[in-house]
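# Summary of the model geometry
Each chain is listed here by its residues.
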Amino acid sequence: METLIPVVNKLQEIFNTVGAEVIQLPQIVVIGTQSSGKSSVLESIVGRDFLPRGSGIVTRRPLVLQLVNVPSLEERQRAASGETSTQAEEWATFLHCKHKTFTDFDEIRQEIETETERTTGTNKGISLEPLYLKIYSPHVLNLTLVDLPGIIKVPVGDQPPDIEGQVREMILSYVSNPNCLILAVTAANTDMATSEALKLARDVDPDGRRTLAVVTKLDLMDAGTDAMDVLMGRVIPVKLGIIGVVNRSQHDINTGKSIVESLQDEQGFLQKRYPSLANRNGTRHLAKTLNRLLMHHIRDCLPELKTRVNVLTAQYQSVLQSYGQPIEDKNATLLQIITKFATEYCHTIEGTARNIETSELCGGARMCYIFHETFGRTLESIDPLAGLTMLDILTAIRNATGPRPALFVPEVSFELLVKRQIKRLEDPSLRCVELVHEELQRIIQHCSTYNTQELLRFPKLHEAIVEVVTGVLRQRLPITNEMVHNLVAIELAYINTKHPDFIDTALVSASVSSSKNDSPAEGIRRWKSDKVEDPGMEEKPKGNPQPPMYSSPSRSHAVNLLDTSQCF
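Residues numbered from 1 in each chain as written. Predicted model: local features only at pLDDT ≥ 70, side-chain atom pairs only at ≥ 80, totals over all residues. Heavy atoms only, no water.

## Section: helix 4 (residues 105-120)
In plain terms, the rule: In DSSP terms, a helix is any run of H or I states spanning at least four residues, a strand is any run of E spanning at least two, and both are numbered starting from the N terminus. Here the expected length of a helix is defined as 1.5 Å per residue gap, with one fewer gap than residues. Buried, partly exposed and exposed residues are distinguished by accessible area as a fraction of the type maximum, computed with a 1.4 Å probe on protein chains only: under 20%, between the cut-offs, and over 50%, respectively. Taken from the helix axis, the directions to the C-beta atoms give the arc we talk about. Any pair of residues with heavy atoms lying within 4.5 Å of one another is described as a contacting pair. Two N or O atoms form a polar contact when they lie within 3.5 Å of each other; inside protein one atom must be a possible hydrogen donor and the other a possible acceptor, and for residues adjacent in sequence the pair counts only when both atoms belong to side chains.
Between its terminal C-alpha atoms helix 4 stretches 22 Å, which fits the 22 Å expected from 16 residues at 1.5 Å a residue. Along helix 4, the residues classified as buried are Phe105, Ile108, Glu111, Ile112, Glu115, Thr116 and Thr120. The arc that holds every buried residue of helix 4, seen down its axis, measures 140°, which confines them to one face. Residues of helix 4 that are buried make contact with strand 2 (63-69), strand 3 (91-94) and strand 4 (131-137). For helix 4, the N-terminal cap is Asp104; the gap from its side-chain oxygen to the backbone nitrogen of Asp106 is 3.1 Å. Just downstream of helix 4 lies Gly121, where phi reads positive at about 80°.

Structure below.
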């Protein structure tokens, strides 16, 4: 019987380590209104000061407190063995830093405050994430207690407006567990009929089979009144019983009164005021009662727990076997998986993958389609003279000459107009880069989808590989876009008029001057057709060749660059 509670505590640690509460384990949940004395009751059971104190809501996240009874320091030294090698009478550990041992209970209080502020902040908010504390002492009984925030009605300070609902939902999430015992704490100087703790307990435990009531602050009742009827169960009956305790006052805490002295004063008060009930009340009787009730409750829940554990063991054993044999060389396995993923990625791009899609283009085929079809057709559809009118050209020429009449076409105006047209190639190029980047990301998912066996064995590792590759692609996208900007900037920096595809300016001028009403594009096409059909280009006369002469525009067909009606 004595080993049941440590076994349950061990199961709870295992479930918390793996991050899944798959079984609802037996435990004692402490509920009550704010400042009803819950923390004082827990400290009296432990026999040490270790919980944060202050005004307002102090407990702002669930505290799972596991008490473990160990032999005294002398007995452990004589036996030269024990649960820990700590040379202290009492010590504690936290689950979030279980390799660190705390022997100073002031440090335990500071750690609780630090962890609470880390998850909830300093605005008096609450958090559902529990804090696990394990205390080893020869002066405690084996217990598992859960301290929850006190029930409040009105938000204070920076608390959210729905703080009452949040606390209530948190308490219900714990007390709704049919395997837990409810320790409802109520102050003696309040009316038991208005106890919020008993009301919540009755809502989830209408039969009262899991509820134990604790009446605190017996010494603070009004003069001429007592709690005899309440402790006897005549006011509100509770099946598991009602136990009264006397807490330390704030003055006792400020003056440094120890819990040992407080327990002695508590026993003297009970003997004086309630002599017939003294042996059934008090903190010591409460600790023994909780230990007995928890062991009996675990014994009652043991068949169901055993069945549930066996079922889960079989399930996870089958999952473990599906992973294959244990890994001997982790470095080699890691390198093998990364190499396999990289090879599959390359094969998907090259089109040599084992699983080839037949419903849609993917991998290298899709990137080829993007380059040659999507991007290529977009470039072909761009009219190099789109957006250029005769008025734009004449205006650029006139602006480039300033106050002087223009005899020749200025190169400044030509470069200005050409650069504006070249700049139009930048947006389609960036869109092409974006499409290729999206396809590279789709290839990652494609490789992960078909490596199902590896995914089952190493799901976290594959998630890490996918995340790393995706991050690399995400980092390369701005670099690639910058390369496109640089390529366009290079073309804009130098206009190569010696390029074979470049049309001579004089021939263009001649073609333009041949028809005043023709657009620049029609003039270029006419010049090209004339150049192909010109027989003089194929049959050159023998003898001294005459240098080619380009006729200037006829005076009768000259373009008036200063014609105000055309420019403006």
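## Some points on the packing of aromatic side chains
Two measures describe an aromatic ring pair: the distance that separates the ring centres and the angle between the ring planes. Basically, it comes down to this: Under the pairing criterion, centres of Phe, Tyr and Trp rings, with the six-membered ring standing for Trp, must be within 6.5 Å; the plane angle then separates stacked pairs below 30 degrees from edge-to-face pairs above 60, leaving the rest tilted.
All chains considered together, the criterion is met by three aromatic pairs. Ring centres of Trp91 and Tyr136 lie 5.0 Å apart, and the angle between their planes is 15°; on these two criteria the pair is classed as stacked. Of the two residues, Trp91 sits in strand 3 while Tyr136 sits in strand 4, which places them 45 residues apart along the sequence. Both residues of the pair, Trp91 and Tyr136, count as buried. Centre to centre, the rings of Phe269 and Tyr274 are 6.4 Å apart; their planes meet at 65°, and the pair counts as edge-to-face. The class for Phe269 is buried, based on a relative accessible area of 17%. Look at Tyr274 and you get buried, because its relative accessible area is 2%.

## Quick notes on the confidence of the model for the chain
Condition: A score from 0 to 100, pLDDT tells how confident the predictor is in each residue.
Summary statistics for the chain give a mean pLDDT of 80 and a share of 82% for residues scoring 70 or more. With pLDDT under 50 throughout, residues 531-568 is counted as low confidence; its partners more than four residues away or in other chains account for 22 contacts.

## As for the pattern of salt bridges
Filter applied, for reference: Each reported salt bridge corresponds to a side-chain nitrogen of Lys or Arg within 4 Å of a carboxyl oxygen of Asp or Glu.
For the structure shown, the criterion picks out 19 salt bridges. For Glu115, the salt bridge goes to Arg118, with nearest N and O atoms at 2.8 Å. In this pair, Glu115 and Arg118 are both assigned in helix 4, three residues apart and thus about one turn of the helix distant. Here Glu360 ties to Arg442 by a salt bridge, and the two come within 3.0 Å at their closest N and O atoms. Residue Glu360 is located in the loop between helix 11 (330-350) and helix 12 (364-381), and its partner Arg442 is located in helix 15 (residues 426-450); the two are separated by 82 residues in the primary sequence. You can call Glu360 partly exposed: its relative accessible area is 42%.

## Examining the pairing of strand 7 (residues 211-216)
Our working definition: In this description, strands pair whenever DSSP reports at least two bridges between them.
Strand 7 sits mainly inside the fold: six of its six residues count as buried. Here strand 7 shows a buried face lined by Thr211, Ala213 and Val215 and a second buried face lined by Leu212, Val214 and Thr216. Both strand 6 (residues 180-187) and strand 7 contribute to a ladder of six bridges, which runs parallel. Within strand 7, the position partnered with Leu183 by the bridge is Leu212.

## Topic: the environment of Gly351
Looking at the element boundaries, Gly351 is found in the loop between helix 11 and helix 12. In this structure Gly351 comes out as partly exposed when scored by relative accessible area, which is 47%. Taking C-alpha positions, Gly351 is 8.8 Å from Cys362, a pair spaced 11 residues apart along the chain.

## A look at empty space enclosed by the protein
A water-sized probe, rolled over the atoms, reveals where empty space remains. Selection rule: Computed over the protein atoms alone on a 1 Å grid, cavities are sets of points where a 1.4 Å probe fits but cannot get out and pockets are open sets with protein on both sides within 12 Å along at least five of seven lines; a residue lines them when it has an atom within 4 Å of a point. Grid points are joined across faces, edges and corners, and a volume is the space filled by probe spheres set on the points.
Counted according to the given criterion, the structure contains one cavity of 30 Å³ or more. Lining the largest cavity, in full, are Ile28, Leu181, Ile182, Leu183, Arg210, Thr211, Leu212, Leu240, Leu290 and Leu293. If you list the elements that add at least two residues to the lining of the largest cavity, you get strand 6, strand 7 and helix 10 (283-322).

## Considering the sheet that holds strand 7
Worth spelling out the cut-off: Working convention: axes come from line fits to C-alpha atoms, limited for helices to the stretch in contact. Angles between N-to-C directions cover 0 to 180 degrees.
Taken together, the eight strands give an open sheet; going across it, the order is 3-4-2-5-1-6-7-8, and neighbouring strands pair in mixed fashion. In this open sheet, the two strands that pair with only one neighbour each are strand 3 and strand 8 (242-244). Each adjacent strand pair in this sheet contributes to an overall mean axis angle of 25°, direction not counted. Sitting on the sheet, helix 2 (residues 38-46) touches strand 1 (27-32), strand 2, strand 4, strand 5 (143-147), strand 6 and strand 7, and the angle it makes with strand 5 is about 160°. Here helix 6 (residues 196-204) sits on the sheet in contact with strand 1, strand 6 and strand 7, set at roughly 155° to strand 6.

## Examining the nonpolar core
Applied cut-off: Among buried residues, the Ala, Val, Leu, Ile, Met, Phe, Trp, Tyr and Cys ones that are joined through side-chain atoms within 4.5 Å form a nonpolar core.
By size, the foremost hydrophobic cluster in this structure holds 47 residues, and its most contacted members are Phe50, Leu133 and Leu286. With 10 residues, the top contributor of residues to this core is helix 10. Excluding residues that lie within four positions of it along the chain, Leu286 makes contacts with Val41, Ile45, Leu183, Leu212, Val214, Ile243 and Val245. Core analysis: the next-biggest nonpolar cluster, separate from the first, contains 40 residues, Tyr174, Met192, Ala227 and Val230 among them.

## Notes on the pairing of strand 6
As a reminder, the rule being used: With the strands aimed away from the viewer, a crossover counts as right-handed if its path from the first strand over the helix to the second runs clockwise.
Counting buried positions along strand 6 gives eight out of eight residues, so the element sits mostly inside the fold. Of the two faces of strand 6, the one lined by Cys180, Ile182, Ala184 and Thr186 and the one lined by Leu181, Leu183, Val185 and Ala187 are each fully buried. With six bridges joining them, strand 1 and strand 6 adopt parallel strand pairing. Note that in strand 6 the partner of Gln27 across the bridge is Cys180. Read from strand 6 through helix 6 to strand 7, the crossover connection turns out right-handed.

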